Amino acid sequence: MKNTHVVLITGASSGIGLATGQYLINRGFSVVGTSRTPSKYPNHPFPLIYMDVLDQSSVKIAIDTLVSDYHHVDVLINNAGMGMAGAVEELQMEPFDKVFNTNLKGPIFVTQHVLKHMHKQGFGKIINVASLAGDNGLPFRSVYSASKAALRRITESLRLELRHTPIQCTTLSPGSIQTAIAASRFYAPLKEDSVYFNQYKNALSDMDAHVNNGIQPIKVAKKIEKIILKSKLKPHYSVGPLLEILSPIIKFFLPQRIYENLLASFYNLK
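Since the model is a prediction, treat every value here as computed from it, not as a measurement.

Thresholds applied
- Residues numbered from 1 in each chain as written.
- Predicted model: local features only at pLDDT ≥ 70, side-chain atom pairs only at ≥ 80, totals over all residues.
- Heavy atoms only, no water.
- Core = buried A, V, L, I, M, F, W, Y, C linked by side-chain atoms within 4.5 Å.
- Buried < 20%, exposed > 50% of the residue type's maximum accessible area, 1.4 Å probe, protein only.
- Helix = DSSP H or I, 4+ residues; strand = E, 2+ residues; numbered from the N terminus.
- Contact = heavy atoms within 4.5 Å.
- 1 Å grid on protein atoms, 1.4 Å probe; cavity = no way out; pocket = protein on both sides within 12 Å on 5 of 7 lines; lining within 4 Å.
- Points joined across faces, edges and corners; volume = space filled by probe spheres on them.
- Nonpolar A, V, L, I, M, F, W, Y, C, P; charged D, E, K, R; others polar.

Draft legend 1. Main features of the nonpolar core. Val 7, Leu 24, Ile 77, Ile 127, Leu 172 and Ile 228 are the most contacted members of the largest nonpolar core, which totals 25 residues. No other element matches helix H7 (residues 217–229), which puts 5 residues into this core. Apart from residues no more than four positions distant in its own chain, Ile 228 is found in contact with His 5, Val 7, Leu 24, Phe 29, Val 75, Lys 125 and Ile 127. By size, the runner-up hydrophobic cluster in this structure holds 22 residues, among which are Leu 66, Val 73, Leu 115 and Cys 169.

Have a look at this one:
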């Protein structure tokens, strides 16, 4: 049976975006994904259109084209994002800006343009893909953690601003998911003369291990479908390994230093 929902997914060429689009297509949704290089994916399972989330002109053109073709956009999934690893002291500002802008400014740009159409059509849902990493300042992942935490706060503000409208928004925070995020992550150089050399080296191995041992992207896709079909959205949802989902609860109840020591132990820090 054909579903009347039209879903726009940013960053849909691989990973969570690809898995979600494939799953929703099979469930009868109309799905359009975005990519900075859609020509690289000629046999993609659903349509890909060009969009650079940091280029407001391309964002506007992509969304206007989608609405022209499909007449409405029911759901926006702000999924496009980037990772970054490195000690705070050794961060380079150019990749810092690119990651923070992609993870925070990008979703804002896309949301701004989509909202113009959602207000006109009188309905819509926005799902911002954050991360459970945003619940903590993780070692050697400070920029990623901070950008995802900021996205959650922006979404909370937006929810309150939209209360008088029929449009809803929420965040979904995945934990460790088996994707190729490690291949596209920015890395500060691993320097043998750095005071962080051993800790950073171990942290890089841990990051890859957590991804490799994470849950399958299809579980995120199924969670997204459940959110789409809900009549009333909560401020926040999460999906991932149980320990990572419980982490914010543990953080709330434990004394700060004990929780910090647990994090340090988890990431093999002295």
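From this point, the discussion proceeds with the structure in view.
Draft legend 2. Just the layout of surface pockets, in detail. Size it by volume and the second largest pocket reaches roughly 290 Å³. Lining the second largest pocket are 19 residues, and of these Gly 137, Leu 138, Pro 139, Glu 260 and Leu 263 lie nearest its centre. If you tally residues by element for the lining of the second largest pocket, the top one is helix H9 (residues 256–266), at 5 residues. Counted by class, the lining of the second largest pocket contains 12 nonpolar, 4 polar and 3 charged residues.

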